[in-house]
Amino acid sequence: MKGKEWYQADEVAQEYDAKRFSKGGRLIDRREKQAALDALGPVEGKDVLEIACGTGRFTVMLAERGANIVGLDISAAMLSQGREKARAAGVDDRIEFMRGDAARLPFPDDHFDAVFAMRFFHLADTPVKFLTEMARVSNEQVFFDTFNDRSTRVLYNWLLPMGSRLYSRDDVTRLLSDSNLTLDDEAHDFVFPYGFYRKIPNDIADEFRGLDRAILDSGLGEKLASVSYWDARV
Ligand SMILES: C[S@@+](CC[C@H](N)C(=O)[O-])C[C@H]1O[C@@H](n2cnc3c(N)ncnc32)[C@H](O)[C@@H]1O
């Protein structure tokens, strides 16, 4: 897995948020966080595990809402950014950041109420192994996103240095079934892909987002969306 190595570099970790979530990328950050909140619901007092937590975008947000949260990632450099973010937000004492491989989770079965991973499965060369591990340590919910084949993302996907796997609906259906998970809810978004938004200024991005939403609402949502959010039950 190239993504496993790519994010180990200090400079990649230091630039991670600024590269992706400044300019038009801000609306992506908001939308992804909303997707996680919609799926996880109220998290106060819930035991939550975030796989591939990276710089802690979701970890910190959920700790601020009262979750008992563990953020696991294989990159010490990304975790270090996460720890800094948690300190700045004043929630560092409420998060356990842990270095580890998502293929071998150091937790007993059914340990968490919810286990989720954002922007991880496109890096996975053995997705069933990862999703099975997530399902094993959750007693209820597993939530994750995928980047879709047959979307505008194919235009630049092949150029990405960390590698990026695209999924069809059939791929996800098979993946869920092979991991003994049942799909409970799903959402599909972003006709214009993330890579487009993060290259353009914020105000122009808002205009494109309006057009994006109109296309999605026209009924073509699932067919054209570049990102899907999958909410499953064990
Ligand atoms: C694109 S980043 C996403 C980070 C975060 N989830 C977010 O959305 O901002 C992918 C993350 O997956 C982590 N990763 C890759 N392979 C992993 C593995 N086998 N186990 C745990 N983390 C892994 C990388 O270190 C990186 O932090």
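Structure report, in brief. Just so you know, these numbers come straight off a predicted model, no measurement behind them.

### Digging into the overall build of the protein
Piece 1. Helix and strand content of the protein: ten helices and seven strands.
Piece 2. For the protein, the C-alpha atoms occupy an extent of roughly 45 × 40 × 35 Å along the three principal directions.
Piece 3. Burial statistics for the protein: of 234 residues in total, 53% are counted as buried.
Piece 4. For the protein, restricting intrachain contacts to residue pairs at least 6 apart in sequence, the fraction spanning at least 24 positions comes to 75%.
Piece 5. With the model as given, the accessible surface of the protein reaches about 10700 Å², and the carbon-plus-sulfur share is 50%.

### Observations concerning the environment of Leu-37
Piece 1. Looking at the element boundaries, Leu-37 is found in helix H3 (residues 25–40).
Piece 2. On the accessibility criterion, Leu-37 (16% relative accessible area) is buried.
Piece 3. Each C-alpha atom of the pair Leu-37 and Glu-84 lies 22 Å from the other, and the pair is 47 residues apart in sequence.
Piece 4. Setting aside anything within four residues of it in sequence, one finds Leu-37 in contact with Met-61, Leu-62 and Arg-65.

### What to know about the site of the ligand
Piece 1. Among the 21 residues in the neighbourhood of the ligand, the closest are listed as Ala-52, Arg-57, Asp-73, Ala-102 and Met-118.
Piece 2. In the model, an oxygen atom of the ligand is placed 3.0 Å from a nitrogen or oxygen of the Tyr-16 side chain.
Piece 3. Note that a nitrogen atom of the ligand is positioned 2.8 Å from one of the backbone N or O atoms of Met-118.
Piece 4. In the complex, the protein chains occlude 99% of the 590 Å² of accessible area that the ligand would expose alone.

### Quick look at the pattern of salt bridges
Piece 1. By the definition in use, this model includes 16 salt bridges.
Piece 2. Here Asp-212 and Arg-209 are joined by a salt bridge, their closest N and O atoms 4.0 Å apart. In this pair, Asp-212 and Arg-209 both sit in helix H10 (residues 202–224), three residues apart, roughly one turn of the helix.
Piece 3. With a relative accessible area of 5%, Arg-209 lands in the buried category.
Piece 4. Each of Asp-29, Glu-32, Lys-33, Arg-57 and Arg-119 takes part in one network of salt bridges that share partners.

### Brief notes about the sheet that holds strand S5 (residues 138–147)
Piece 1. Strand order across the open sheet formed by seven strands is S3-S2-S1-S4-S5-S7-S6, with mixed pairing between neighbours. With partners counted over all chains shown, the strands left at the sheet margins are strand S3 (95–99) and strand S6 (182–189), one partner each. Each neighbouring strand pair of the sheet contributes to a mean axis angle of 15 degrees, computed without reference to strand direction.
Piece 2. Judged from the five bridges that link them, strand S4 (residues 112–117) and S5 form a sheet pairing that is parallel. Residue pairing across strands places Ala-117 opposite Phe-144, the latter belonging to S5.

### Topic: unusual backbone geometry
Piece 1. Positive phi, close to 55 degrees, is recorded for Ala-52, a residue that is not glycine.
Piece 2. Tracing the backbone through its elements, the reader meets Ala-52 in the loop between strand S1 (47–51) and helix H4 (57–64).
Piece 3. In this structure, Asp-110 takes a positive phi of about 60 degrees despite not being glycine.
Piece 4. If you trace the backbone, Asp-110 turns up in the loop between S3 and S4.
Piece 5. Look at Asp-110 and you get partly exposed, because its relative accessible area is 47%.

Conventions adopted
Residues numbered from 1 in each chain as written. Predicted model: local features only at pLDDT ≥ 70, side-chain atom pairs only at ≥ 80, totals over all residues. Heavy atoms only, no water. Helix = DSSP H or I, 4+ residues; strand = E, 2+ residues; numbered from the N terminus. Buried < 20%, exposed > 50% of the residue type's maximum accessible area, 1.4 Å probe, protein only. Contact = heavy atoms within 4.5 Å. Areas by Shrake-Rupley, 256 points an atom, 1.4 Å probe, with all protein chains shown as cover. Near = heavy atom within 4 Å. Polar contact = N/O pair within 3.5 Å; in protein donor to acceptor, adjacent residues only side chain to side chain. Salt bridge = Lys/Arg side-chain N within 4 Å of Asp/Glu carboxyl O. Pairing = 2+ DSSP bridges. Axes fitted to C-alpha atoms, helices over the stretch in contact; angles between N-to-C directions.

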